[in-house]
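# Secondary and tertiary structure notes
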Amino acid sequence: MATNKFHSRWKIYFQILLVIFGLSLATFGYIKVDMFLMNQNITDKQMLLEQQTKELDSYKLLSGYNKLQAVKILESKQTSMPWSDHITKVIAMLEDIKNVNTNSTGVVTLSDFNVSLDKITLKGQVSNLLFLYYSNPEKGIHSLMDKFSSLDFVKNIRIQTYDRVGDNNYYEFVLEANVINDAGTTTGQSNNW
């Protein structure tokens, strides 16, 4: 009986080893099949990528493609320029200047107002240079320079020239300001009012 027990133990060990070997073979086979399918998938994807790259290269050779890319770059760099809002603010400021409450000797006369996409030019006459430069907010006095400074789309405001007109007590002046061009558009167009 002792040999029978010894024999049956070896039989159990052999069966366990056989099951482990079978599981190892099945796992190895599964891994091999999975690797084959994965490599096949990678190859298919590489072929598709090469095909799409060739198509893209053929599109890049077209002149329309380059123009489209240039337009997309320009559009991404541009923002909307609310000129209608800007013009409304300028007109309101000019109306305010026209209705300036001056004493009998104080006169502000505007003659030319030019607006382009890069510059605003205002020509006019004043009876006193204080109208151009002097401000006193407590008394409600705002100079022409301050009124232009209140516009949020202009910078570098300056009086280009002012000259005394003959024997009169009038000064002709030219005020200029650079327009903050937030739309990236080309310059050269102008409106005269």
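Residues numbered from 1 in each chain as written. Predicted model: local features only at pLDDT ≥ 70, side-chain atom pairs only at ≥ 80, totals over all residues. Heavy atoms only, no water.

Along the protein, the regular secondary structure elements total five helices and five strands. Taken from N to C terminus, the helices and strands of the protein fall in the order α-α-α-β-β-α-α-β-β-β. Buried residues in the protein amount to 20% of all 193 residues. Long-range contacts, defined here as pairs at least 24 residues apart, represent 56% of the contacts in the protein between residues at least 6 apart. (Helix = DSSP H or I, 4+ residues; strand = E, 2+ residues; numbered from the N terminus. Buried < 20%, exposed > 50% of the residue type's maximum accessible area, 1.4 Å probe, protein only. Contact = heavy atoms within 4.5 Å.)

This brings us to the pairing of strand β3 (residues 154–164). Here eight bridges tie β3 to strand β4 (residues 171–179), and the two strands are oriented antiparallel to one another. Paired with Tyr162 across the bridge in β4 is Phe173. In this antiparallel pair of consecutive strands, β3 and β4, the connection spans six residues, and Gly166 shows a positive phi of 50 degrees. (Pairing = 2+ DSSP bridges.)

For the rest of this paragraph, the subject is a nonpolar patch on the surface. On the surface, Trp10, Ile12, Tyr13, Ile16, Leu17 and Ile20 cluster together into a nonpolar patch covering about 650 Å² of accessible area. Here Ile20 shows up in helix α1 (residues 2–60). Accessibility expressed as a relative area gives 47% for Ile20, which makes it partly exposed. (Patch = residues over 30% accessible without salt bridge, like charges linked within 9 Å, V, L, I, M, F, W, Y side chains within 5 Å. Areas by Shrake-Rupley, 256 points an atom, 1.4 Å probe, with all protein chains shown as cover. Salt bridge = Lys/Arg side-chain N within 4 Å of Asp/Glu carboxyl O.)

In summary, soluble globular proteins display a tendency toward joint burial of nonpolar side chains. Counting 23 residues, the largest nonpolar core has Phe113, Ile120, Leu122, Phe148, Phe173 and Leu175 as its most contacted members. Within the residue set of this core, elements represented by two or more residues are α3 (83–98), β1 (108–116), β2 (119–126), α5 (144–149), β3 and β4. A total of five residues in this core trace back to one element, the largest contributor, which is β4. (Core = buried A, V, L, I, M, F, W, Y, C linked by side-chain atoms within 4.5 Å.)

The phi dihedral of Asn156 falls on the positive side, at around 55 degrees, and the residue is not glycine. Along the chain, Asn156 falls in strand β3.

By the secondary structure assignment, Val107 is in the loop between α3 and β1. Among the residues examined, Val107 registers a relative accessible area of 25% and is labelled partly exposed. Between the alpha carbons of Val107 and Tyr170 there is a distance of 8.7 Å; along the sequence they are 63 residues apart.

In the predicted model, the protein carries a mean pLDDT of 77, and 79% of its residues have values of at least 70. Across the protein, α1 holds the top mean pLDDT of 88, while strand β5 (residues 190–192) sits lowest at 40. (pLDDT = per-residue confidence, 0-100.)

For any pair of aromatic rings, the description rests on two quantities: the centre-to-centre distance and the angle between the ring planes. A full pass over the atoms with the stated rule returns one aromatic pair. Each ring, one from Trp10 and one from Tyr13, has its centre 6.2 Å from the other, and the planes form 90 degrees; the classification is edge-to-face. Residue Trp10 and its partner Tyr13 are located together in helix α1, separated by three residues, close to a single helical turn. (Phe/Tyr/Trp six-rings, centres within 6.5 Å; stacked < 30°, edge-to-face > 60°.)

Bringing the pattern of salt bridges into the picture now. Per the counting criterion, the structure on display carries two salt bridges. Residues Lys119 and Glu176 are paired through a salt bridge, measuring 3.9 Å at the closest nitrogen-oxygen approach. A residue pair is termed long-range when its members are at least 10 positions apart, and Lys119 in strand β2 and Glu176 in strand β4 qualify at 57 residues. When its relative accessible area of 31% is taken as the criterion, Lys119 is described as partly exposed. Looking at Glu176, the relative accessible area reads 13%, which means it is buried. Of the charged contacts in the structure, one is a salt bridge between Glu176 and Arg158, with a shortest N-O distance of 3.3 Å. Here Arg158 lies in strand β3 and Glu176 lies in strand β4, a separation of 18 residues in the sequence. Assessed through its relative accessible area of 26%, Arg158 is described here as partly exposed.

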